[in-house]
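Below are the chains, spelled out letter by letter.
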Amino acid sequence: TDSQYLVTLVVVLLFTLTISKQMSHARTQTEIVRSKEERTAALFDLSRKLAASQDLDRMLETAVVHIAEIFDCRVAILVPGTEEKLSVKAGLEPEFILGSAEHKIARWVYRFGNIAGRDTPNHPQAEAFYIPLMAAGGPVGVLAVEPRNPKHPLNPEQHQLLQALANQIGASFQNARL
């Protein structure tokens with residue numbers, strides 16, 4: 001009878017391991033779906049809010065508030081003024097002041113249309129993460145995002161969502177200007 005119990009134990013263990021693996025896979029798939037749903041909801045919500053904005057300044061402030069709420073971070077939008085010099089057009093936090101080094105990085109992002117800053121290969125020493133606001137004709141501005149807690153940087157999925165939101169803002173910015 002001891003050998004029968006041993007065989008039963010092995011079969012039950014194999015069955016349990018198989019179910020555990022399937023549950024783990026299902027949990028992972030659920031997290032992926034939930035993440036995609038949150039991303040889609042954030043994009044839709046921003047798109048709806050931008051469409052409801054009446055003017056360019058209000059649209060940019062709406063975008064800043066929306067991104068700050070999603071990521072719990074400091075946000076600023078820089079746009080070119082006279083002589084293509086970037087200046088902060090919208091931002092929530094007075095303590096989120098871009099120094100000269102940060103302005104240089106923002107200008108680089110605007111000029112080349114590439115992301116840069118914290119957790120990127122381009123200018124990783126920066127305090128913030130910079131994303132170009134792209135439109136059909138090229139960059140129209142720069143989105144600067146700085147996590148409130150430097151010990152908790154943005155993960156790659158959050159970087160992708162920020163890029164999608166920046167593309168939405170860039171298209172809306174271009175439409176408002178036109």
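Look a little higher up for the structure.
What this report covers is the structure whose coordinates are included nearby. (Residues numbered from 1 in each chain as written. Predicted model: local features only at pLDDT ≥ 70, side-chain atom pairs only at ≥ 80, totals over all residues. Heavy atoms only, no water.)

**Describing the nonpolar core**
We apply this condition: Among buried residues, those of type Ala, Val, Leu, Ile, Met, Phe, Trp, Tyr and Cys that are joined through side-chain atoms within 4.5 Å constitute a nonpolar core. Buried residues are those whose accessible area, probed at 1.4 Å on protein chains only, stays under 20% of the maximum for their type, while exposed residues exceed 50% and partly exposed ones sit between those limits. Helix numbering and strand numbering both begin at the N terminus, where a helix is a DSSP run of H or I of at least 4 residues and a strand a DSSP run of E of at least 2. Only heavy atoms enter the contact rule, under which two residues are in contact if any of them lie within 4.5 Å.
Counting residues in each nonpolar core, the largest one holds 29 residues, and the members touching the most others are Ile67, Phe71, Ile77, Leu143, Leu162 and Ile169. Contributions of two or more residues to this core are made by α1 (2–52), α2 (56–71), β1 (73–80), β4 (129–135), β5 (138–147) and α4 (156–177). With 7 residues, α2 is the single largest residue contributor to this core. Sequence-distant contacts of leucine 143, that is, excluding residues within four places in its chain, are made with Ile67, Val75, Ala76, Ile77, Phe129, Tyr130, Ile131, Leu133, Leu162 and Ala166.

**Focus on a nonpolar patch on the surface**
Cut-off, in case you're wondering: Patch membership is restricted to residues that have no salt bridge and whose relative accessible area is over 30%. Joining uses 9 Å for like charges and 5 Å for the nonpolar side chains Val, Leu, Ile, Met, Phe, Trp and Tyr. Note on areas: Shrake-Rupley with a 1.4 Å probe; residue coverage comes only from the protein chains shown. We define a salt bridge as a contact between a side-chain nitrogen of Lys or Arg and a carboxyl oxygen of Asp or Glu at a distance within 4 Å.
Together, Leu6, Leu9, Val10, Leu13, Leu14 and Leu17 line one region of the surface with nonpolar side chains, adding up to about 590 Å² of accessible area. Of the residues examined, valine 10 reaches a relative accessible area of 42% and is grouped as partly exposed.

**Quick notes on the pairing of β1**
Quick note on the threshold: Whether two strands pair comes down to DSSP finding at least two bridges between them.
Burial analysis of β1 places 7 of its 8 residues in the buried class, which makes it a mostly covered element. Relative to β5, β1 runs antiparallel, the two sharing 6 bridges. In the strand pairing of β5, alanine 76 is matched with alanine 144. Pairing analysis gives 5 bridges linking β1 to strand β2 (residues 86–91), with the strands arranged antiparallel. Residue isoleucine 77 lies in a different strand from β2, and its bridge partner there is alanine 90.

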